[in-house]
Amino acid sequence: MSKNSSSRRSFLKSSSLAAAAVALNGSTSIAQSKQADAYIDIMPSEPIATISDEIYGHFIEHLGGVIYDGVWVGEGSKIANVNGVRKSFIDMMREVQAPVLRWPGGCFADSYDWHDGIGPRAKRPARAAFWHQQDSNQYGLHEFMHTCKAIGAKPYLAANLRTEPARDFYEEIEYCNAPSGDIPSHSAAPAMPNALATQRATNGDKEPFNVDLWGVGNESWGCGGNMTPEEYAAEFRRYTAWTPSYDKEKLRFVAVGPNGDDIDWTTRLFKALYGNPEGRNLWGLSIHYYTSGSAKKFADGDALKFNDEDYYDLLTRGGLMDKVITDHWTAMTNAAPSMMSKGQPSVKLVVDEWGAWYGKGTELAPEYNLSQQSTMRDALLTGITLDIFQRHADKVGAAAVAQSINCIHSLMLAQGDKFCVTPTYHVFKMYLPHRGAQSVRAAFTAPAIPNPLGTTPAQVGGASYIGQLPPIKTLAGLSGSASIKGKTLTLTVVNPHLTDAMTTEIAVRGASVTAAKGTVLAEKDVHAHNDFANPDVVKPSAVSGLTPAGGKLMHTFPPASVTSLEITLA
Ligand code: AHR
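Keep in mind that what you see is a predicted model, and the values were worked out from it rather than measured. (Residues numbered from 1 in each chain as written. Predicted model: local features only at pLDDT ≥ 70, side-chain atom pairs only at ≥ 80, totals over all residues. Heavy atoms only, no water.)

### Thoughts on the overall build of the chain
And then number 1: Each helix and strand counted, the chain has 13 helices and 31 strands in total.
And then number 2: A compact globule built from 570 residues should have a C-alpha radius of gyration of about 25 Å, and the chain, at 24 Å, falls within 12% of that.
And then number 3: Based on the C-alpha atoms only, the size of the chain along its principal axes is roughly 80 × 55 × 45 Å.
And then number 4: With 570 residues in all, the chain has 59% of them scored as buried.
And then number 5: Here the analysis covers contacts within the chain between residues at least 6 apart in sequence; of these, 78% occur between residues at least 24 apart.
And then number 6: As displayed, the chain has an accessible area near 21,400 Å², and 53% of this comes from carbon and sulfur atoms.
And then number 7: Of note, the chain has its 51 positive side-chain charges centred 5 Å away from the centre of its 57 negative side-chain charges. (Helix = DSSP H or I, 4+ residues; strand = E, 2+ residues; numbered from the N terminus. Rg over C-alpha atoms; globule rule 2.2 N^0.38 Å. Buried < 20%, exposed > 50% of the residue type's maximum accessible area, 1.4 Å probe, protein only. Contact = heavy atoms within 4.5 Å. Areas by Shrake-Rupley, 256 points an atom, 1.4 Å probe, with all protein chains shown as cover. Lys, Arg positive; Asp, Glu negative; His and termini not counted. Charge placed at Lys NZ, Arg CZ, Asp CG, Glu CD.)

Structure (structure tokens):
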């Protein structure tokens, strides 16, 4: 590593911690003790919101090796499977308690006919599919629902808006949700079974799937139809103006949101959506923000070969997720005052595609399109991103990492009978205690790290949005989030310094720290990763030496680490 420890130390000493506090969090820190490099000041009296389980969501698409062979290996496979679904995929998704699973795309969704994936598998048609592939349709709606059930995840369906009429959308809802048996007509006519529920039962599932979360199209500004926000708003209104409801759970519609930080899209979309006074039935706004592996080009750079500058720059641009969230929250607020409720937008943000996206070079094989390796650098990006979601628990209602297996920012890699988890998987597991807890404000005070590539405008979207932000000159020297459940406080912390441990004083306002335990993911070399031959190179370990004193905790966060602490309060 080019940054040497002693120069970093002297930088720390010469920096103003108070100034860093203002720069990073807009707040001041606790009384600062001399031996600490950094401070974390947690404020239980400043609750943000309950952290939704659904921010730890997942995404699988018919793309490269995601469905075939990451998820679906087939019932006759020698690879251990549960009704055709790779058993290790199910096991690992259960380990991270995947709350929600998005399917079938992505761009694939807007050319997919859900009818092709139901009925006897032998009779299903093979068809040309997005991503220059042919899809055998062996994995369809029922297989997906069984996958969700085996995992314990809620299904999140992305509906086709580009190539199917509104009728297919509401009939998909009907097929999924109409109860079995006689259904009251709510008219003078007698009750009778619903035809689509009967078809579903014939196809193997008598009981309804009860899908409440529906994406209405995907990236309609790009692969989903190259629409303007006004054109998409008109389509969204038409598709959602009437849909069948079976009173199980209220349907939650998610509208296509911006590419990265394209505020113009959100502003115009909300003006157009709420320009008509009829109810919008809109639960969420989808956001896709990928961190490119290159400062200069989208979906570029190497997942494994990077230098210190690339490392700091990627994490800096990853931190832009914070700005993307607040920018779009503000844009919705300003554009559609009529949807405000108690001073806040009534629509949640759904970050249903996020992750670090690299160029070619580390894919499992050419046919595993968009598969890539994942290193400790990606683990840190995962920690930074989940912490941002947790800090914005009042705004982010759901999210989905792109994608769970064999694609972009994966938690798992699989090829035939070979399988391993990535460092990102471990971070998802380490963040579990935050679920359902109350997110509270925490001020992190640490000198910022200069971004060596902070002279290049930051890319804030994919190929079809060329928006750029001014260069970002610094990366938070320590970042994280805190949440409370009863007397237990969960604190997750990312130390991005390549060589410097950060000795940190942790204090909780109005409470005393009585005990603490924790887990850490740290590697001397941030290029460290797991692969099929060496699946356990990167794995978490228990944190030792957590001894509170005087109601506070002093802890040294190792360089390039993600830490999860469970702190008992009195
Ligand atoms: O996740 C890969 C692709 O990225 C998705 O299909 C699309 O929605 C996005 O552009």
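Let's pick the thread back up.
### Some points on the nonpolar core
And then number 1: Counting 127 residues, the largest nonpolar core has I60, Y232, F270 and F389 as the members making the most contacts within it.
And then number 2: Ranked by residues supplied to this core, first place goes to helix α12 (residues 376-391) with eight residues.
And then number 3: Counting residues in hydrophobic clusters, the runner-up holds 26 residues, among them V513, L546, L553 and F557. (Core = buried A, V, L, I, M, F, W, Y, C linked by side-chain atoms within 4.5 Å.)

### With respect to the site of the ligand
And then number 1: Contacts to the ligand come from 14 residues, most closely from E61, C107, E219, Y290 and E353.
And then number 2: Take C107: an N or O atom from its main chain is 2.9 Å from an oxygen atom of the ligand.
And then number 3: One nitrogen or oxygen atom from the side chain of Y290 is found 2.8 Å from an oxygen atom belonging to the ligand.
And then number 4: Taken by itself the ligand offers 280 Å² of open surface, and the protein chains cover 94% of this.
And then number 5: Looking at the shell around the ligand, the elements with two or more residues in it are β13 (284-292) and β16 (348-357). (Near = heavy atom within 4 Å. Polar contact = N/O pair within 3.5 Å; in protein donor to acceptor, adjacent residues only side chain to side chain.)

### Points about the pairing of strand β28 (residues 513-522)
And then number 1: Relative to strand β31 (residues 561-569), β28 runs antiparallel, the two being bridged by nine bridges. Note on β31: the bridge partner recorded for G518 is L565.
And then number 2: With two bridges joining them, β28 and strand β29 (residues 541-542) adopt antiparallel strand pairing. Across the sheet, residue T519 finds its bridge partner in β29, namely A542. (Pairing = 2+ DSSP bridges.)

### Quick look at the confidence of the model for the chain
And then number 1: Chain-level pLDDT for the chain is 92 on average; 92% of the residues reach the 70-or-more range.
And then number 2: In this model residues 1-32 is a low-confidence stretch, pLDDT under 50, and it forms 70 contacts with partners more than four residues away in sequence or in other chains. (pLDDT = per-residue confidence, 0-100.)

### A look at the state of the cysteines
And then number 1: Under the criterion given, the structure shown has one disulfide.
And then number 2: Note on cysteine connectivity: C107 is disulfide-linked to C223, with sulfurs 2.2 Å apart. Negative torsions about the S-S bond denote left-handed disulfides, and the value of about -85 degrees found for C107 with C223 makes this one left-handed. Of this pair, C107 sits in the loop between β5 (100-103) and β6 (127-129) while C223 sits in the loop between β11 (213-216) and α8 (229-240), placing them 116 residues apart in sequence. (Disulfide = S-S within 2.5 Å.)

### Comments concerning the packing of aromatic side chains
And then number 1: A full pass over the atoms with the stated rule returns 20 aromatic pairs.
And then number 2: On the numbers, 6.2 Å between centres and 75 degrees between planes, the contact of W103 with Y139 is edge-to-face. Placement of W103 in strand β5 and of Y139 in the loop between β7 (133-135) and α5 (141-151) is noted, with a sequence separation of 36 residues between them. The residues W103 and Y139 share a single accessibility class, namely buried.
And then number 3: Aromatic side chains W103 and F144 sit 4.7 Å apart centroid to centroid with 15 degrees between the ring planes, which places their arrangement in the stacked category. Of this pair, W103 sits in strand β5 while F144 is found in helix α5, placing the two residues 41 residues apart along the sequence.
And then number 4: One aromatic cluster is present, built from ring pairs that chain together W72, W103, F108, Y112, Y139 and F144.
And then number 5: Directly above the aromatic system of W283 lies the positively charged group of R252, at a separation of 4.5 Å from the ring centroid. (Phe/Tyr/Trp six-rings, centres within 6.5 Å; stacked < 30°, edge-to-face > 60°. Lys NZ or Arg CZ within 6 Å of the ring centre and 35° of its normal.)

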